[in-house]
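# Inside the fold
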Amino acid sequence: MAADKSMPILVVDDHRTMLVIIARQLQGIGFHDVDTVADPVTALTMLRRRRYGLILSDWNMAPMNGLAFLETLRRDPDFADIPFILITAENRPENVEQARRLGVDGFILKPFDTATLQARLAAVVGAV
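Predicted, not measured: the structure shown is a model, and the values here were computed from it.

Analysis parameters
Residues numbered from 1 in each chain as written. Predicted model: local features only at pLDDT ≥ 70, side-chain atom pairs only at ≥ 80, totals over all residues. Heavy atoms only, no water. Pairing = 2+ DSSP bridges. Helix = DSSP H or I, 4+ residues; strand = E, 2+ residues; numbered from the N terminus. Axes fitted to C-alpha atoms, helices over the stretch in contact; angles between N-to-C directions. Contact = heavy atoms within 4.5 Å. Right-handed = clockwise from strand over helix to strand, strands pointing away. Buried < 20%, exposed > 50% of the residue type's maximum accessible area, 1.4 Å probe, protein only. Lys, Arg positive; Asp, Glu negative; His and termini not counted. Salt bridge = Lys/Arg side-chain N within 4 Å of Asp/Glu carboxyl O. Polar contact = N/O pair within 3.5 Å; in protein donor to acceptor, adjacent residues only side chain to side chain.

A few words now on the sheet that holds strand β3 (residues 54–58). Strand order across the open sheet formed by five strands is β2-β1-β3-β4-β5, with parallel pairing between neighbours. At either margin of the open sheet sits one strand with a lone partner, and together these are β2 (34–37) and β5 (106–109). Neighbour to neighbour, the strand axes of the sheet diverge by 20° on average, direction disregarded. Relative to strand β4 (residues 84–88), β3 runs parallel, the two sharing four bridges. Its bridge partner lying in β4, D58 is registered against I87. Relative to β4, helix α3 (residues 66–75) is tilted by about 170°, and along the sheet it contacts β1 (9–12), β3 and β4.

Turning our attention to the pairing of β2. Bridge count for β1 against β2 is four bridges, and the pairing is parallel. Among the inter-strand pairings, V12 is bridged to a residue of β2, identified as V37. Tracing the backbone out of β1, into helix α1 (residues 16–29) and back to the parallel element β2 gives a crossover that is right-handed.

In this section: the side chain of D39. With respect to the helices and strands, D39 occurs in the loop between β2 and α2 (40–49). No salt bridge is formed by the buried D39. Its closest oppositely charged neighbour is R16, at 11 Å. Within the structure, D39 has its side chain in polar contact with the backbone nitrogen of V41 (distance 3.0 Å). Separated by 2.8 Å, the side chain of D39 and the backbone nitrogen of T42 make a polar contact. Leaving out residues up to four positions away in the same chain, D39 has contacts with V12 and A62.

What follows covers unusual backbone geometry. That bond from A62 to P63 is cis: its omega, 5°, falls within 30 degrees of zero. Relative to the assigned elements, P63 resides in the loop between β3 and α3. The omega angle of the peptide bond from K110 to P111 is -10°, so this bond is cis rather than trans. Tracing the sequence through the fold places P111 in the loop between β5 and α5 (114–125).

Moving on to the pattern of salt bridges. Inspection of the entire model under this criterion finds ten salt bridges. Across the pair R50 and D33 runs a salt bridge whose closest N-O atoms are separated by 2.4 Å. Residue R50 is found in the loop between α2 and β3, and its partner D33 is found in the loop between α1 and β2; the two are separated by 17 residues along the sequence. By relative accessible area, R50 is classed as partly exposed at 29%. When its relative accessible area of 24% is taken as the criterion, D33 is described as partly exposed. In this structure, R51 engages D81 in a salt bridge whose closest nitrogen and oxygen atoms are separated by 2.7 Å.

Right under this line is the structure:
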């Protein structure tokens, strides 16, 4: 199955540079409907206004980290089925297991390149 490259994607990261890099990588792969936001609290507001086909979120953010953001989404029937990829430098087994229990669809370990992003997207939303 091929991914729908017209689907809107939401990228959440508290570092502006990472937002720009990820958005450019997504656009290079062919996804042009990309919204970026610096924190999960604002992302929740955006999710109430628009339906996204995929969320890419950093793990380490404040005031809500990516894991708490994922947990919040999975508890809400309106958002529970949106594919969710955590982007992180964290790869401790207990963290990965906790994210899996909460329903994460995939992980991308920092640093990463476009090929890595494309492979993870293919695994989660279909061939890109």
